[in-house]
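# Report on the structure
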Amino acid sequence: MTGKSNHHNSRKQQGGTGNAARTSSKNNSSGQAVASKKQGVVRLNSGRKASQPKPTGALGDVVGTLPVEKNSEYIAEIIGIGHEGEGVGRVNGFTLFIQGALPGERVRVLVIKLKKKFGYAKLLEVVEASPERVEPPCEIYKQCGGCQLQHLSYEAQLKMKRQMVIDSLERIGKLSVLGSGTSLRVAGEQDEHVNQDADQGIIVHPTIGMDEPWRYRNKAQVPFAMSSDGGLVSGFYAQGSHRIIDMDTCLIQHKDNDDVVRIVKEIARGLGITAYDESTQQGLLRHVVVKIGFHTGEIMVVLVTNGERIPQADLWVERIRRAAPAVRSICHNVNMQQTNVILGERTKVLWGSDVIHDWIGDIRFAISARSFYQVNPVQTEVLYEKALDYAGLTGSEIVIDAYCGIGTISLFLAKRGARHVYGVEIVEEAIADARQNAALNDLHNVSFAVGKAEEVIPAWRAEGIVPDVIVVDPPRKGCDASLLETMLAMRPAGIVYVSCDPATLARDLCRLVDGGYRVVEVQPVDMFPHTTHVECIVSTYLVK
């Protein structure tokens with residue numbers, strides 16, 4: 001994915017006479033989602049057809065009566081997989097969401113909760129297993145809520161995530177996807193069908209996975225609690241609860257992070273430190289955050305406490321340094337609010353530097369206790385290389401990076417082809433980090449501003465700054481509506497959209513298409529193996 005993009009050539013080859021076509025909201029293609037809960041259902045090609053609904057007079061004959069009963073057992077046919085990793089089953093034509101079941105399986109379940117149109121069931125036995133089922137290597141996988149897909153083969157995970165993207169584009173965005181087989185209709189037309197050819201379909205590439213999809217996270221945020229017998233425990237929350245599963249190893253965390261968390265827990269136990277209790281707001285230690293630079297090996301430890309001071313802080317520092325020589329920074333963060341937000345506003349350095357460093361590609365980053373930094377640096381480089389490819393920079397372009405954070409994408413663009421990059425971010429602390437990172441890399445063709453993108457970008461335009469390309473990398477909720485309108489008013493030649501949520505991506509692309517842009521291709525990237533999350537990067541261009 002290095003080198004200059006053929007993106008501009010592909011624009012010409014694929015035509016530019018109209019927007020991407022929209023699918024009818026009534027259409028439903030074979031192999032696509034047929035039941036919905038929140039974001040819907042993804043089907044994998046399991047080779048098995050769901051059993052036909054058995055005749056039953058219950059549904060509809062008596063108001064409020066369903067074809068299944070709570071606390072009863074049934075055999076369910078699994079026809080898809082939900083966006084939270086649960087199997088989607090059918091019993092007598094009724095939809096049940098079943099954690100741990102996979103498409104193509106027959107399973108015995110116990111119904112535990114019912115709603116009007118769907119319910120939830122507990123997996124009791126896999127009667128017929130999917131060929132994609134694997135044994136999870138994590139000992140506490142069934143209890144912990146951190147991963148959702150360890151029981152699904154990695155190849156199947158990648159296919160599932162691509163299908164999640166396709167389903168969102170078609171179902172939410174009403175956009176045509178090349179080769180999906182969906183019956184399509186042009187936006188605004190209800191009666192005339194269009195042909196799904198290269199001029200109208202979005203290319204959704206296979207998901208880019210990892211060669212080694214384990215131990216990929218560079219940051220651990222581990223909550224602490226007191227056990228029923230009064231001991232100090234740490235780990236991750238059990239699925240759907242705030243009950244902590246005590247653990248010392250997480251197979252998606254960098255091993256050094258696991259080691260440091262275990263060391264801190266042992267030190268805290270030896271010093272008689274109590275853990276924070278969210279129900280009483282008593283106790284001291286809330287979280288331990290550990291960050292590691294994958295390329296530098298530098299480690300930062302952040303002790304998050306429900307109090308202004310840490311008892312025997314010097315002893316903490318001494319013991320951490322002795323047990324973990326790679327640690328370069330030990331910080332204390334104070335969070336005394338009744339909140340599920342991990343870090344408080346105040347951080348002080350107990351020992352060492354206030355930052356550690358790491359590299360993504362040829363860009364060096366300084367990472368502070370409160371800095372946002374992508375947790376999978378290996379896949380982040382893949383993602384950003386694709387952003388460069390889709391931007392199609394030649395050295396003459398002005399680029400705006402909305403939601404720029406600490407400048408990760410901005411610096412890539414500035415160093416690798418943009419004439420000048422303007423980054424905007426509402427978080428003042430992030431912009432301070434971005435400017436520091438620009439100086440760290442001796443980059444002078446990049447500028448940063450604090451504020452709302454929809455307010456700062458028009459001000460830049462008034463100053464004569466007109467972008468050729470806009471890059472957006474919004475949070476999970478997607479772009480603010482006002483920012484979308486601002487970008488449409490600016491009419492850059494291309495918009496590159498980096499997304500962490502296919503549903504809000506599809507919603508926003510729908511608006512861009514209505515505003516005159518053509519969506520060319522979408523590249524899913526697996527940033528978080530063994531979870532249901534998927535990142536995407538999208539290339540669009542303005543239809544002349």
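See the structure above.
Residues numbered from 1 in each chain as written. Predicted model: local features only at pLDDT ≥ 70, side-chain atom pairs only at ≥ 80, totals over all residues. Heavy atoms only, no water.

## Considerations on the packing of helix H10 (residues 481-490) against helix H11 (residues 502-514)
Applied cut-off: Note on geometry: axes are C-alpha line fits, over the in-contact stretch for helices, and angles between N-to-C directions span 0 to 180 degrees. Numbering of helices and strands starts at the N terminus; helices are DSSP runs of H or I of at least 4 residues and strands are runs of E of at least 2. In this scheme, roughly parallel covers angles under 35 degrees and roughly antiparallel covers those over 145, while 65 to 115 is roughly perpendicular and the rest are oblique. Rotating anticlockwise by less than a right angle from the far helix to the near helix defines a left-handed crossing, while the corresponding clockwise rotation defines a right-handed one. In what follows, residue pairs with any heavy atoms lying within 4.5 Å of each other are defined as contacts.
Two elements in contact, H10 and H11, have axes whose closest approach is 10 Å; the angle formed by their N-to-C orientations is 30°. Considering their axes alone, H10 and H11 lie roughly parallel with respect to each other. For the crossing formed where H10 meets H11, the hand is right-handed. Contacts from Leu484, Glu485, Met487 and Leu488 in H10 reach Asp508, Arg511 and Leu512 in H11.

## Focus: the packing of helix H9 (residues 453-462) against H10
Condition: Gly counts as polar in this scheme, as do all residues outside two lists: the nonpolar Ala, Val, Leu, Ile, Met, Phe, Trp, Tyr, Cys and Pro, and the charged Asp, Glu, Lys and Arg.
It is at 8 Å that the axes of H9 and H10 come closest, and there the two elements cross at 20°. Classified by the angle between their axes, H9 and H10 sit roughly parallel to one another. Once H9 is placed against H10, the crossing between them reads as left-handed. Two secondary-structure elements touch here, H9 through Ala453, Glu454, Ile457, Pro458 and Arg461 and H10 through Ser482, Leu483, Thr486, Ala489 and Met490. The residue makeup of the contact of H9 with H10, split by class, is six nonpolar, two polar and two charged.

## Considerations on the packing of aromatic side chains
Put simply, the test is: Here a Phe, Tyr or Trp ring, Trp counted by its six-membered ring, pairs with any other such ring whose centre lies within 6.5 Å, and the pair is stacked when the planes are under 30 degrees apart, edge-to-face when over 60, and tilted otherwise. Note on exposure labels: buried denotes an accessible area under 20% of the residue type's maximum, exposed denotes more than 50%, and partly exposed covers the range between, all computed with a 1.4 Å probe on protein chains only.
Inspection of every chain in the model, using the stated rule, returns six aromatic pairs. Pairing Phe97 with Tyr120 gives two aromatic rings, centres 6.1 Å apart and planes at 40°, and the pair type is tilted. Of the two residues, Phe97 is situated in strand E5 (residues 94-98) and Tyr120 in strand E7 (residues 118-128); the sequence distance between them amounts to 23 residues. Classification of Phe97 as buried rests on a relative accessible area of 3%. Owing to a relative accessible area of 23%, Tyr120 belongs among the partly exposed residues under this scheme. Judged by centre distance (5.9 Å) and plane angle (80°), the rings of Phe118 and Tyr120 are edge-to-face.

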